[in-house]
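Understanding the architecture of this molecule
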Amino acid sequence: MRVLAIETSCDETAVAVLDGQRGLLAHELWSQIDLHRGFGGVVPELASRDHIRRLLPLVRAALEHAGTSAAQIEGVAYTAGPGLVGALLTGAALARALAFGWGCAAIGVHHLEGHLLAAQLEEPAPPLPHTALLVSGGHTLLIEVRGIGEYRVLGQTRDDAAGEAFDKSAKLLGLPYPGGPELAQLAQRGRAGVYTLPRPMLDRAGFEFSFSGLKTAVLQATRAAPLTEQGRADIARAVQDAIVATLCTKALRALQFTGHDALVVAGGVGANQELRARLTREAAAVGARVYYPRTQFCTDNAAMIAVAGLHRLRSGERADLTIDVRARWPLEELAPPGGRRA
Ligand code: KG4
Ligand code: ZN
């Protein structure tokens, strides 16, 4: 089966073509970062308008690069939530219309299921069951993945997501939006241990996170004295160290709890090299292996939506003609593929 997938849940417009046998044939992405930078964050209405402008040319490019005609597409998958409703509707409406026009099936995909399945595009693919650490701008979750669509949330953040903590700290350090990658770069020149920032919930049992105290501590550190370039780098290093240490400790604890020997890392923060290096090292020490999507597929993309869509379409699951998107959509509401048939 060959599917075309569309992702428009936030500020990336993405289209991909995935073939069940031949693998990923094309993936196109337009990032709106420049559009939103001046506002210091995503402006929903501007995001929706830009998705509409970019979508059709990206669909055409994806079909061309995949060497596929529309007639060869057997299903269209689209992100149906969670995300910005206006932005989701642009992708959902186009996807549903394309499927209608092409006379093929359509399926709405859960954005986080997409992130969770992104590592399946790599060799070797992660085994099932496994434990997953999903860390993005909007989510920080530890999940027991028993199978596709069978997710049990072990713990999540009580306040800010890990990506949000990166972004807010970066903003306080005067770095441009989105700050995660910028802060990581600055941290490379920072010295360890010059600043010690709080690592909340670290000493508490369980799998919950809390990152909101971090930005207050960063604010205090930046105000304590006039900051030199080295001082900013030292703070960036401390922020990254605090977030990475917290994520690693809890992820390792989750592995111990589930008894799995495979950990899948997903979401934008999964692109962080420090996090990857430390997780790989610590997991290896307990005989576990960590699976990552390529960094490009950690952040939002349509390839991951195609993977999730393909699993569901192949099982006969279908979206009906009502175009439904959801701003909020708990992951645990999902069922194994085959559930919803129109
Ligand atoms: O998954 P994603 O693209 O979008 C959401 O669904 O949220 O994640 C974006 C988040 C942002 O907060 C961004 O700053 C963070 O991932 N991020 C990083 C890195 N690359 C992206 N954080 C730390 N280090 C990175 N290298
Ligand atoms: Zn995402």
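The rules behind each value
Residues numbered from 1 in each chain as written. Chains lettered and ligands numbered in written order. Predicted model: local features only at pLDDT ≥ 70, side-chain atom pairs only at ≥ 80, totals over all residues. Heavy atoms only, no water. Helix = DSSP H or I, 4+ residues; strand = E, 2+ residues; numbered from the N terminus. Buried < 20%, exposed > 50% of the residue type's maximum accessible area, 1.4 Å probe, protein only. Near = heavy atom within 4 Å. Polar contact = N/O pair within 3.5 Å; in protein donor to acceptor, adjacent residues only side chain to side chain. Areas by Shrake-Rupley, 256 points an atom, 1.4 Å probe, with all protein chains shown as cover. Pairing = 2+ DSSP bridges. Axes fitted to C-alpha atoms, helices over the stretch in contact; angles between N-to-C directions. Contact = heavy atoms within 4.5 Å. Expected span 1.5 Å × (residues − 1). Arc of directions from axis to C-beta. Donors = N, O, S within 2.8 Å, 3.2 Å for Na, K, Ca; no water. Tetrahedral: all angles 85-135°; square planar, octahedral: opposite > 155°, others 65-115°. Phe/Tyr/Trp six-rings, centres within 6.5 Å; stacked < 30°, edge-to-face > 60°. Lys NZ or Arg CZ within 6 Å of the ring centre and 35° of its normal. Parallel < 35°, antiparallel > 145°, perpendicular 65-115°, else oblique. Left-handed = near helix turned anticlockwise from the far one by under 90°. Nonpolar A, V, L, I, M, F, W, Y, C, P; charged D, E, K, R; others polar. Domains from an automatic or database assignment. Buried area = accessible area lost by both parts, 1.4 Å probe. Salt bridge = Lys/Arg side-chain N within 4 Å of Asp/Glu carboxyl O.

What follows concerns the environment of Val135. Along the chain, Val135 falls in strand β6 (residues 130–135). Since its relative accessible area comes to 0%, Val135 is described here as buried. For the pair Val135 and His115, spaced 20 residues apart in sequence, the C-alpha to C-alpha distance is 9.4 Å.

The next thing to look at is the site of ligand 1. Close contacts around ligand 1 come from 18 residues, with Gly137, Asp167, Gly268, Asn272 and Asp300 the closest. Take His111: an N or O atom from its side chain is 3.4 Å from an oxygen atom of ligand 1. Between ligand 1 and Gly138 there is a distance of 3.4 Å, counted from an oxygen atom to a backbone nitrogen or oxygen. Compared with its free state, where it exposes 550 Å², ligand 1 has 86% of that area covered by protein.

Time to look at the sheet that holds strand β4 (residues 75–81). Within a sheet, adjacent strands bond to each other through the backbone by hydrogen bonds, running parallel or antiparallel. Taken together, the 5 strands give an open sheet; going across it, the order is β3-β2-β1-β4-β5, and neighbouring strands pair in mixed fashion. In this open sheet, the two edge strands, each paired with only one partner strand, are β3 (23–31) and β5 (105–110). Across the sheet, the mean angle from the axis of one strand to that of its neighbour is 20 degrees, orientation sign disregarded. Contacts between helix α2 (residues 44–66) and the sheet are confined to β1 (2–7), β2 (12–19) and β3, with β3 contributing the most and set at about 155 degrees to the helix. Of the strands in this sheet, β1, β4 and β5 touch helix α3 (residues 85–102), which is tilted by about 160 degrees from β4.

So, about helix α9 (residues 273–285). For an α-helix, the turn length of 3.6 residues means that residues three or four places apart are oriented alike. Over its 13 residues, α9 extends 18 Å from the first C-alpha to the last, a length consistent with the 18 Å expected when each residue adds 1.5 Å. Of the residues making up α9, those classed as buried are Leu275, Arg276, Leu279 and Ala283. Across the axial projection of α9, the buried residues extend over an arc of 95 degrees, all falling on one side. Residues Gln273, Arg281, Ala284 and Ala285 are exposed on α9 and point more than 90 degrees away from its buried face. On its buried face, α9 is in contact with β6, α8 (229–258), β9 (262–266) and β10 (289–291). Measuring from the backbone nitrogen of Glu274 back to the side-chain oxygen at the start of α9 gives 3.1 Å, which picks out Asn272 as the cap. Two residues or fewer after α9 comes Gly287, characterised by a positive phi angle close to 80 degrees.

Those donors, His111 (NE2), His115 (NE2) and Asp300 (OD), are the protein atoms that reach the zinc ion (ligand 2), and they lie 2.1 to 2.2 Å from it. One can describe the site at the zinc ion (ligand 2) as irregular: its 4 donor atoms subtend angles covering 92 to 143 degrees at the metal. Written as a sequence motif, the donor arrangement for the zinc ion (ligand 2) is H-x3-H-x184-D. Here the residue His115 occupies a position in helix α4 (residues 111–117), and Asp300 occupies one in the loop between β10 and α10 (303–314), the gap between them amounting to 185 residues.

Tallying each qualifying case throughout the model produces 2 aromatic pairs. For the pair Phe209 and Phe211, a centre-to-centre distance of 6.0 Å together with 15 degrees between the ring planes defines the contact as stacked. Each member of the pair, Phe209 together with Phe211, is buried. If you follow Arg54 out to its NZ or CZ, it ends over the ring of Trp30, 3.9 Å from the centre.

It is worth spelling out the packing of helix α7 (residues 212–224) against α8 at this point. A pair of packed helices is captured by two measures, namely the crossing angle of their axes and the spacing between those axes. Between α7 and α8, whose axes approach to 11 Å, the crossing angle comes to 165 degrees. Classified by the angle their axes make, α7 and α8 are roughly antiparallel. Of the two possible hands of crossing, α7 and α8 adopt the one that is right-handed. Judged by residue contacts, Leu214, Val218, Ala221 and Thr222 of α7 engage Ile235, Val239, Ala242 and Ile243 from α8. Of the residues assigned to the contact of α7 with α8, the class counts are 7 nonpolar, 1 polar and no charged.

This part covers the domain arrangement of the protein. According to the domain assignment, the protein contains domain 1 (2–117 + 297–333) and domain 2 (128–292). If you average the C-alpha positions of domain 1 and of domain 2, the two centres end up 27 Å apart. Taken together, the 18 residues of domain 1 in the interface contact 21 residues of domain 2. For the pairing of domain 1 and domain 2, the buried interface totals around 1,700 Å² over both sides, and the portion due to carbon and sulfur atoms is 72%. The largest per-residue losses of area from domain 1 upon contact with domain 2 belong to Leu116, Cys298 and Glu332, which jointly make up 35% of the total buried on that side. At the surface where domain 1 touches domain 2, the tally comes to 0 salt bridges. Linking domain 1 to domain 2 there are 5 residue pairs in polar contact (both at pLDDT 80 or more).

Turning next to the pairing of β3. Remark: a regular strand shows side chains that alternate across the two faces of the sheet. By the bridge criterion, 8 bridges tie β2 to β3 in an arrangement that is antiparallel. Each residue of the ladder has a partner; that of Glu12, found in β3, is Ser31. Where β2 hands over to β3, the hairpin turn is made up of 3 residues, counted between the paired strands.

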